[in-house]
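# Reading the structure
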Amino acid sequence: MITTHLSPTLKHRFPSPLHCTSHSHHHLPVHLPLPRRYRHLAKPPAVAGSAAPDLLASVESVASAASVLAAIVLVHESGHFLAAASRGIHVSQFSIGFGPALARFRLGPVEYALRAIPLGGYVGFPDDDPESGFAPDDPDLLRNRPVPDRLLVVSAGVAANLAFAFLIVYAQALTVGVPVQAQLPGVLVPEVLPGSAAARAGLLPGDIILAVPGAAPDPSVPVLVDLIKASPSKKVPLTVSRTAPGTVDRRSLELTVVPDTSADGMGRIGVQLSPNVMVTRVNPKNLADATVLAVREFTLLTGTVFDGLRQTLLNFSQSAEKVSGPVAIIAVGAEVARSSADGLFQFAAVINLNLAAINLLPLPALDGGTLALILLEAARGGRKIPREVEQGIMSSGILVVLMVGMFLIVRDTLNLDFIKEML
């Protein structure tokens, strides 16, 4: 299952903004906890005579983002496939997508297919196929292999995505350089909702909240959010830095915001908040320098992705609305591609890392769920879990994930600007 996650920190790094039964190894839709700023993508301003070029640019950027996702699926499934082949395990199918086959061919015992529903892919094993020609006790069927072999095959998809993410970051370091963030004082206000408490108080997009007198000098985003939530209908004084009109100079001013009371009784002011950072690009001097930069960037991205996933799971009731499917992810990728082609490096690396992180969760229909069952078998002294129980767990997991995936696809499609305009 391609399931991925962007943490708030990663937003600033963009230039603009397996379930394995013994029969098949499936990956289902991309689920991404997208930052709210990416959930409703704004159209570029219309220019007379530019409709055709804008349409062409949009098509090209969407195709670029979709190609990134397809490549990630291909890498993930290739990891499982190559691991099985390296251990002499029988494989019957290699598919990108689900549903009716758009194209297929057979090479030796394996059928390769490109299918109509782009919700992931799968590697098929003939363990339960009575027409495969293999005896049920064939030692080269996946289910009959020792625990280490099965662990290798199931975990190889995650390993492939981690390796691919590093190669992407390394290629970025060699070509366009690696972005480096410097933390600056205060909290940035990228967006203010019209008519909100923040707008009534005079906050503007681009303002930097430097302090909340008496409460939080040089506040962080979590501190400021907690303070606002705890202050419904109370005056909250803010020290704000703002660029003077027509200049690059900033001036300090004092504002007072009175948070509105939301349905859950907490305060809200109607702004987007993010860390105030400055991003510069570092170019390596040689291959050794590029390697150091790539390792540092890969480590930072990996830590941020895994930490962001942890925070999402711990606060799922609050973050569930930010989970998005393949449509929203392609929309984000298209926006990145329109802004800067090199932004696709970070987009692809983050999606790979998210896929690896999510698939390690011990849930049915994910690699982690299968790994958990194999480890449980090992803990039972090699006594296999009854086939009916294993398949029941995995089948129910696939059904749930498919339902969630279809819901996200429909919801995210209805949230697209051009769809809203037609409705």
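Residues numbered from 1 in each chain as written. Predicted model: local features only at pLDDT ≥ 70, side-chain atom pairs only at ≥ 80, totals over all residues. Heavy atoms only, no water.

## Observations concerning the packing of helix 2 (residues 147-175) against helix 8 (residues 343-359)
Between helix 2 and helix 8, whose axes approach to 8 Å, the crossing angle comes to 160°. Taken together, the axis directions place helix 2 and helix 8 in an arrangement best described as roughly antiparallel. Judged by the sense of rotation from one axis to the other, the crossing of helix 2 with helix 8 is left-handed. Of helix 8, the residues touching helix 2 (which contributes Val158, Asn161, Leu162, Phe164, Ala165, Ile168, Val169, Ala171, Gln172 and Thr175) are Phe345, Gln346, Ala348, Ala349, Asn352, Leu353, Leu355, Ala356 and Asn359. Of the residues assigned to the contact of helix 2 with helix 8, the class counts are 13 nonpolar, 6 polar and no charged. (Axes fitted to C-alpha atoms, helices over the stretch in contact; angles between N-to-C directions. Helix = DSSP H or I, 4+ residues; strand = E, 2+ residues; numbered from the N terminus. Parallel < 35°, antiparallel > 145°, perpendicular 65-115°, else oblique. Left-handed = near helix turned anticlockwise from the far one by under 90°. Contact = heavy atoms within 4.5 Å. Nonpolar A, V, L, I, M, F, W, Y, C, P; charged D, E, K, R; others polar.)

## A short note on the packing of aromatic side chains
For the coordinates displayed, the defined rule picks out 6 aromatic pairs. When the centroid spacing of 5.6 Å and the interplanar angle of 90° are considered together, the rings of Phe166 and Phe298 count as edge-to-face. Of this pair, Phe166 sits in helix 2 while Phe298 sits in helix 5 (residues 287-314), placing them 132 residues apart in sequence. Residue class for Phe166 comes out partly exposed when judged on its relative accessible area of 24%. Overall, Phe298 belongs to the buried group, its relative accessible area being 18%. Put simply, the rings of Phe81, Phe94, Phe105 and Tyr112 pair up and form one aromatic cluster. (Phe/Tyr/Trp six-rings, centres within 6.5 Å; stacked < 30°, edge-to-face > 60°. Buried < 20%, exposed > 50% of the residue type's maximum accessible area, 1.4 Å probe, protein only.)

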